[in-house]
Amino acid sequence: HEYVLRHLSKVAELLVGLGLMVGWFLLMQVVILSVAVHNKVDLDAHSASMSAEDAKKSKAPEGSIPHHAPGHQPPAVHPMVLKAKCYGGLFAHIAGFASIQYLVTVQHAANLHASLMVVAVIPLAMLWFWLLLSTFQKLRHDFIHADGECSG
């Protein structure tokens, strides 16, 4: 990353960093969506096969801290949930690191080296992430409701 970027202009460096950050966020959304779409049939079958007794066992009493006594098995976690947490977490970390790198690039490009100016990137980051996350939330909502089958 550093080897490639050091030969670019500041504007090109900012654009590459922005592209990497948005690209990783987008890829994270695609991976999570892909896991959900490819495992939907399995999840429906898993839910249907779960007996009332299994459902009762898997639900902790309201207000209690879930725990499992010795000799009792914890409720089964669907493979889709495990895959979404695994791959979603992996891509979320990569997107987060790309975001950190981009914000460092913004600081350097703007010559924000004075200690008071270093914190100027914080409101910029907050605004940027609010816009980014709001946009992806709307895209997810639109995609989920595109077929008209889902209400809510």
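Residues numbered from 1 in each chain as written. Predicted model: local features only at pLDDT ≥ 70, side-chain atom pairs only at ≥ 80, totals over all residues. Heavy atoms only, no water.

Enquirer: Mind showing me how you'd approach the overall build of the protein here?
Expert: Scanning the protein from terminus to terminus reveals 6 helices and 0 strands. Order of helices (α) and strands (β) in the protein, N terminus to C terminus: α-α-α-α-α-α. Sorting the 152 residues of the protein into buried and exposed places 18% on the buried side. At a minimum sequence separation of 6, the contacts of the protein that also span at least 24 residues come to 73%. (Helix = DSSP H or I, 4+ residues; strand = E, 2+ residues; numbered from the N terminus. Buried < 20%, exposed > 50% of the residue type's maximum accessible area, 1.4 Å probe, protein only. Contact = heavy atoms within 4.5 Å.)

Enquirer: Just checking my understanding: could you explain the side chain of Thr105 for this structure?
Expert: On the secondary structure map, Thr105 appears in helix α4 (residues 79-109). On the basis of relative accessible area, Thr105 is assigned to the buried category, the value being 5%. Apart from residues no more than four positions distant in its own chain, Thr105 is found in contact with Glu13 and Leu14.

Enquirer: Where do I start with the environment of Gly89 in this structure?
Expert: Topologically, Gly89 is positioned in helix α4. Residue classification places Gly89 among the partly exposed residues on the basis of a relative accessible area of 26%. Put simply, Gly89 and Ile32 are 57 residues apart on the chain and 9.6 Å apart in space, counted from C-alpha to C-alpha.

Enquirer: Mind showing me how you'd approach the pattern of salt bridges here?
Expert: If charged atoms from side chains of opposite charge come close, those side chains can pair. Within this structure, the stated rule accounts for 1 salt bridge. A salt bridge links Asp142 to Lys138, with the nearest nitrogen and oxygen atoms 2.9 Å apart. Of this pair, Asp142 and Lys138 both sit in helix α6 (residues 121-144), 4 residues apart, roughly one helical turn. On the basis of relative accessible area, Asp142 is assigned to the partly exposed category, the value being 37%. (Salt bridge = Lys/Arg side-chain N within 4 Å of Asp/Glu carboxyl O.)

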